[in-house]
Amino acid sequence: MARSPHARVVGLMLLAGVLGLGAVLAAPGDTHIGGMWPVGLVSGLLVYVGARAVPVIAGALLVLVFGTFALGGYPLGVSAAYAVAIVIEGWVTVKVLTVRWGYGRRLNDDLDLGRFTLACLLGSVSGAAMFALTAAITGFGIWWAVFVITFVTHLASQLIVLAFFMEEFRHPGESGPTETRVRWAVAMLVTLAAFVPIH
């Protein structure tokens, strides 16, 4: 039975919430960034739903992200600022992906790869800058360390997770259904393993 797009969006939001809360709870207390929050899922959701639904989904994501940080014990002001930062990071990433120099979700050639990489970089820089600004204003962490850690972890999340929401080149496959399932299973396991905290 095929799932509706609404069910997929709800499922992806629940997954983002669970993984995000897990990242916040598993993060060392001195990092002040909430671990490797899966911001790539935020960008992916905003790409998936299309331009008309972005405001509604962004609002729901603000509440969801705020909840993960607040439940993880972060101060409410910091939780709110981090939620805004993550949603704006996703929005910036999507804006760069959908700028008028090619179809936004396509990942077929070097131009697409360049746009995808630039979107991930600029999105991660914007999120890291807002996290660092929050640290500087509130004293919640050392601003430059928060910037560096946030940039690196968010860039990794964007590059790993957002790629699942892109449309690859459509060509006749050479592998059978079993090999295709195995490749997808391995890709999913490696992606999830990238977010397992190691202390």
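Preceding block: the structure.
Each value, and the rule that gives it
- Residues numbered from 1 in each chain as written.
- Predicted model: local features only at pLDDT ≥ 70, side-chain atom pairs only at ≥ 80, totals over all residues.
- Heavy atoms only, no water.
- Helix = DSSP H or I, 4+ residues; strand = E, 2+ residues; numbered from the N terminus.
- Buried < 20%, exposed > 50% of the residue type's maximum accessible area, 1.4 Å probe, protein only.
- Areas by Shrake-Rupley, 256 points an atom, 1.4 Å probe, with all protein chains shown as cover.
- Expected span 1.5 Å × (residues − 1).
- Contact = heavy atoms within 4.5 Å.
- Core = buried A, V, L, I, M, F, W, Y, C linked by side-chain atoms within 4.5 Å.
- Salt bridge = Lys/Arg side-chain N within 4 Å of Asp/Glu carboxyl O.
- Axes fitted to C-alpha atoms, helices over the stretch in contact; angles between N-to-C directions.
- Parallel < 35°, antiparallel > 145°, perpendicular 65-115°, else oblique.
- Left-handed = near helix turned anticlockwise from the far one by under 90°.
- Nonpolar A, V, L, I, M, F, W, Y, C, P; charged D, E, K, R; others polar.
- Polar contact = N/O pair within 3.5 Å; in protein donor to acceptor, adjacent residues only side chain to side chain.
- Patch = residues over 30% accessible without salt bridge, like charges linked within 9 Å, V, L, I, M, F, W, Y side chains within 5 Å.
- Phe/Tyr/Trp six-rings, centres within 6.5 Å; stacked < 30°, edge-to-face > 60°.

Colleague: Describe the overall build of the protein chain, listing the residues and the values that go with them.
Modeller: A count of helices and strands for the protein chain gives seven helices and two strands. The N-to-C order of helical and strand elements in the protein chain reads α-α-α-α-β-α-α-β-α. For the protein chain, the residues scored as buried account for 40% of the 199 residues in total. In the structure as shown, the protein chain presents an accessible area of about 10800 Å², 72% of it carried by carbon and sulfur atoms.

Colleague: I'd like a rundown of helix α3 (residues 54-71), residues and numbers included.
Modeller: The first and last C-alpha atoms of α3 sit 25 Å apart over 18 residues, in line with the 26 Å expected at 1.5 Å per residue. The inward-facing, buried residues of α3 abut α1 (5-26), α2 (39-49), α4 (76-97) and α5 (110-138). After α3 finishes, the residue glycine 73 shows a positive phi value of roughly 95°.

Colleague: Describe the nonpolar core, listing the residues and the values that go with them.
Modeller: Counting residues in each nonpolar core, the largest one holds 41 residues, and the members touching the most others are Trp37, Leu61, Phe69, Tyr82, Ile86 and Phe131. Contributing elements (two or more residues each) for this core: α1, α2, α3, α4, α5 and α6 (143-161). Ranked by residues supplied to this core, first place goes to α4 with nine residues. The contacts of tyrosine 82, once residues within four sequence positions are left out, are His32, Ile33, Val65, Phe69, Tyr74, Phe131, Thr134, Phe140 and Val146.

Colleague: Explain the pattern of salt bridges to me, using residue names and the numbers behind them.
Modeller: Per the counting criterion, the structure on display carries one salt bridge. One salt bridge connects aspartate 112 with arginine 115, and the closest N-O pair in it is separated by 3.3 Å. Placement of the pair is aspartate 112 and arginine 115 together in helix α5, with a separation of three residues, close to one helical turn. The buried category is assigned to aspartate 112, whose relative accessible area is 0%.

Colleague: Talk me through the packing of α1 against α3; I want residue IDs and the actual numbers.
Modeller: Put simply, α1 and α3 touch, their axes get as near as 8 Å, and they point 25° apart. As the angle between them shows, α1 and α3 are arranged roughly parallel. In this structure, α1 crosses over α3, and the sense of that crossing is right-handed. Along its contact with α1, which presents Val9, Met13, Ala16, Gly17, Gly20, Leu21, Val24 and Leu25, the element α3 presents Ile57, Ala60, Leu61, Leu64, Thr68, Phe69 and Leu71. By residue class, the composition of the contact of α1 with α3 is 12 nonpolar, three polar and no charged.

Colleague: Which residues make up the side chain of threonine 134, and what values go with them?
Modeller: Within the secondary structure, threonine 134 sits in helix α5. Here the side chain of threonine 134 touches methionine 130 through a polar contact of 2.8 Å, landing on its backbone oxygen. In contact with threonine 134, not counting residues within four places along its chain, are Val78, Ala81, Tyr82 and Gly139.

Colleague: Could you give an account of the environment of valine 125, naming the residues involved and the relevant values?
Modeller: Positionally, valine 125 belongs in helix α5. Between the C-alpha atoms of valine 125 and histidine 154, which are 29 residues apart in sequence, the distance is 8.7 Å.

Colleague: I'd like a rundown of the side chain of serine 79, residues and numbers included.
Modeller: Tracing the backbone shows serine 79 in helix α4. Owing to a relative accessible area of 0%, serine 79 belongs among the buried residues under this scheme. A distance of 3.3 Å separates a polar side-chain atom of serine 79 from the backbone nitrogen of alanine 70. Those residues in contact with serine 79 that sit more than four places away from it in its chain are Phe66, Phe69, Ala70 and Tyr74.

Colleague: Report on a nonpolar patch on the surface, specifying residues and quantitative values.
Modeller: Where nonpolar side chains cluster on the molecular surface, the patch consists of Leu62, Val63, Val84, Ile88 and Trp91 and spans about 420 Å² of accessible area. Those elements giving two or more residues to the nonpolar patch turn out to be α3 and α4.

Colleague: Got a sec to walk through the packing of aromatic side chains? Specific residues and values, please.
Modeller: Per the counting criterion, the structure on display carries seven aromatic pairs. Where tyrosine 82 meets phenylalanine 131, the ring centres are 3.9 Å apart and the plane angle is 5°; that geometry is what we call stacked. Of this pair, tyrosine 82 sits in helix α4 while phenylalanine 131 sits in helix α5, and the two are 49 residues apart along the sequence. When sorted by exposure, tyrosine 82 lands in the same class as phenylalanine 131, which is buried. For the pair phenylalanine 147 and phenylalanine 151, a centre-to-centre distance of 6.4 Å together with 5° between the ring planes defines the contact as stacked. Placement of the pair is phenylalanine 147 and phenylalanine 151 together in helix α6, with a separation of four residues, close to one helical turn.

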